[in-house]
Amino acid sequence: MMGASKFDTRKRALGVCLVAAFMTGLDVSIVNVALPSIREGLRATEDGLQWTLSGYALTFGLLLVPAGRLGDARSRRTLFMWGVVLFTVSSAACGLAWNMQVLIMSRLIQGMAAGMLNPQVSGLIQQMFQGYERGRAFGALGATIGVSTAAGPLIGGTLVTAFGADHGWRWVFLVNVPIGMVLLPLAWRVLPRPQLVHRRHQSMDPVGVLLLGVGVAALLLPFIQRHQWEGAAKWLLIPAALVVLGGFVTWERLYRREPLVDLSLFRKRSYAMGSAIALFYFSGFTGIFFIFTLFLQSGHGYTPLQAGLSITPFALGSASAAMLGGHLVSRMGRRLVAIGLSMVIAGLLATMGATALVPGQGVGLATALPLLLAGMGSGLVISPNQAITLSEVPPAGGGSAAGVLQTGQRLGSAVGIAAAGSTFFGALGDGWTTAFRHGLVVVVLSVSVALVAALYDLVRSRRTSLRSGLTPPGASPPGPDPGP
């Protein structure tokens, strides 16, 4: 009975974590379809609308690693609960904003709250589950991430349609408030309390936090402000960011106490290759929704709801396959990720073909099956890759390791949206369909690089296996490891 009770508690705790991950992931994409309403309601400029989107991504990415480290060193449960409070309050402030300045500031705080929450989710899964159960838990997390991102336009379009153009955009944010109010007491009841053994002799490495924050901000800004910041001077921030990040790596190697990031993790092929796959996959993954929404709404006059419905096959495919991936990762490992990436590429190429065969208003229906295939592939990539990448990470460092992984995902998303968007807008002179196909080519190239990384890992793993007679962790999923 005690074992069953413990399982039930972990199951409820996982449910709380997944709801939080869904809530923060949803706000990455739900706002896109509400931008025209925000422009009308608050008399927003293009710069203001851009900051409404990019401000969230910026502060989200900045806090992932330090918040993960703080959760590891102090209390993941406490950081999770404060993140829920901050996210709920800032969502309410977004929904009640009376001008763009208030909306942008609230979105920045909302992104900070998301950055606080997300590494705690991965860290808690590391802490509560081992072996096969951990793979299944990460499968559920991957399904949540995929569905929340892909379903954002549909949910946003439904809310804007239901509440009208004047107030619908407010409910895009206010919908988080009741969720947060229910989530907070549940988190207090079911999430595991901190284990004091992990709190001794741990430093927060303030210099490392500063260097990483400045480096990540300088790297993200040119991409998220690519249209609003005129001129080429913004791109000088990229080499400056690389210098600062180089200084961060040097500092972490020389730091005598517990560093912000355990750089020895990158000597493990499972973590290094998994991080690379996540970086390049997310640079393509999030770009799909950006250019597809523009293509449908601006190019073919789709309503927000119609555009959201057209993207739904991707979300459905991602949700169904991610749960399957959580079960299969224990047997197939990195091969599953490579299969998923191949399916994404095939689905996107078929999507390009569908736009040529069925131009015009019917394009949303014509792309349904190709997007379903791409979504299923995505479900076999995100959660299995995360499970494999974190498989050799000690549970005590799960939060900060997950923070680094997710920072790479945020960087990839920013770069990918910039690359796909710039290509899309650059080809508009040849028509919306041609512009969409050109944008998809950039997306396919990013996913292809991720596939090359997965195949390289498989080849290296097989060579290692032949030499040692063992199955290396880079090729296989997480096996049982000691609890926290």
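1. As for the packing of aromatic side chains
Thinking step 1. Counted according to the given criterion, the structure contains 10 aromatic pairs.
Thinking step 2. Seen from their ring centres, Phe-266 and Tyr-271 are 5.1 Å apart, and the 75 degrees between their planes marks the pair as edge-to-face.
Thinking step 3. By relative accessible area, Phe-266 is classed as partly exposed at 36%.
Thinking step 4. Relative accessible area serves as the criterion here: at 1%, Tyr-271 is assigned to the buried category.
Thinking step 5. Pairing Phe-424 with Phe-425 gives two aromatic rings, centres 5.5 Å apart and planes at 80 degrees, and the pair type is edge-to-face.
Thinking step 6. Under the relative-accessibility criterion, Phe-424 is labelled buried at 0%.
Thinking step 7. In this structure Phe-425 comes out as partly exposed when scored by relative accessible area, which is 36%.
Thinking step 8. Aromatic ring contacts, followed pair by pair, group Phe-292, Phe-295 and Phe-436 into a single cluster.
Thinking step 9. Above the plane of the ring of Trp-188 lies Arg-193, whose end atom (NZ or CZ) is 6.0 Å from the centre.

2. Structural notes on the packing of helix H11 (residues 304-332) against helix H14 (residues 368-379)
Thinking step 1. As a packed pair, H11 and H14 sit with axes 6 Å apart at the nearest point and diverge in direction by 35 degrees. Regarding H11 and H14, the two cross each other, and that crossing is right-handed. Across from Ser-310, Pro-313, Phe-314, Gly-317, Ser-318, Ala-321 and Ala-322 in H11, the residues of H14 making contact are Ala-368, Leu-371, Leu-372, Ala-374, Gly-375, Met-376, Ser-378 and Gly-379.
Thinking step 2. Residue composition of the contact of H11 with H14, by class: 9 nonpolar, 6 polar and no charged.

3. Focus on H11
Because the α-helix completes a turn every 3.6 residues, residues three or four places apart line up on one side.
Thinking step 1. For H11, spanning 29 residues, the distance from its first C-alpha to its last is 39 Å, which sits close to the expected 42 Å at 1.5 Å a residue.
Thinking step 2. The largest bend in H11 comes to about 40 degrees, at Gly-326.

4. Section: the packing of H11 against helix H12 (residues 334-357)
Thinking step 1. Taken N-terminus to C-terminus, the directions of H11 and H12 make an angle of 125 degrees; their axes are 7 Å apart at the nearest point. Classified by the angle between their axes, H11 and H12 sit oblique to one another. Of the residues in H12, those in contact with Gly-325, Leu-328, Val-329, Arg-331 and Met-332 of H11 are Arg-334, Arg-335, Leu-336 and Ile-339.
Thinking step 2. In the contact of H11 with H12, the residues fall into 5 nonpolar, 1 polar and 3 charged.

5. What to know about the side chain of Arg-334
Thinking step 1. Looking at where Arg-334 falls in the secondary structure, it is placed in helix H12.
Thinking step 2. Reaching out from Arg-334, the side chain makes a polar contact with the side chain of Asn-385 at a distance of 2.7 Å.

6. Side note on the nonpolar core
Thinking step 1. Grouped together as the largest cluster of nonpolar side chains are 57 residues, with contacts concentrated most on Phe-80, Ile-125, Leu-141 and Leu-191.
Thinking step 2. The element that contributes the greatest number of residues to this core is helix H1 (residues 2-29), accounting for 8 residues.
Thinking step 3. Counting residues in hydrophobic clusters, the runner-up holds 49 residues, among them Ala-338, Phe-436, Val-444 and Ala-453.

7. So, the confidence of the model for the chain
Thinking step 1. Confidence in the prediction for the chain averages 80 pLDDT; 89% of positions are at 70 or higher.
Thinking step 2. Per-residue pLDDT, averaged within each element of the chain, yields its smallest value for helix H16 (residues 398-426) (76) and its largest for helix H4 (residues 76-95) (92).
Thinking step 3. Across residues 197-201, where pLDDT falls below 50, the model places 7 contacts with residues more than four positions away in sequence or in other chains.
Thinking step 4. Low pLDDT (under 50) marks residues 476-484, which in the prediction has 27 contacts with non-local residues, meaning those over four places away or in another chain.

Reading the values: rules and limits
- Residues numbered from 1 in each chain as written.
- Predicted model: local features only at pLDDT ≥ 70, side-chain atom pairs only at ≥ 80, totals over all residues.
- Heavy atoms only, no water.
- Phe/Tyr/Trp six-rings, centres within 6.5 Å; stacked < 30°, edge-to-face > 60°.
- Buried < 20%, exposed > 50% of the residue type's maximum accessible area, 1.4 Å probe, protein only.
- Lys NZ or Arg CZ within 6 Å of the ring centre and 35° of its normal.
- Axes fitted to C-alpha atoms, helices over the stretch in contact; angles between N-to-C directions.
- Helix = DSSP H or I, 4+ residues; strand = E, 2+ residues; numbered from the N terminus.
- Left-handed = near helix turned anticlockwise from the far one by under 90°.
- Contact = heavy atoms within 4.5 Å.
- Nonpolar A, V, L, I, M, F, W, Y, C, P; charged D, E, K, R; others polar.
- Expected span 1.5 Å × (residues − 1).
- Bend = angle between axes of the 7 residues up to and from the residue.
- Parallel < 35°, antiparallel > 145°, perpendicular 65-115°, else oblique.
- Polar contact = N/O pair within 3.5 Å; in protein donor to acceptor, adjacent residues only side chain to side chain.
- Core = buried A, V, L, I, M, F, W, Y, C linked by side-chain atoms within 4.5 Å.
- pLDDT = per-residue confidence, 0-100.

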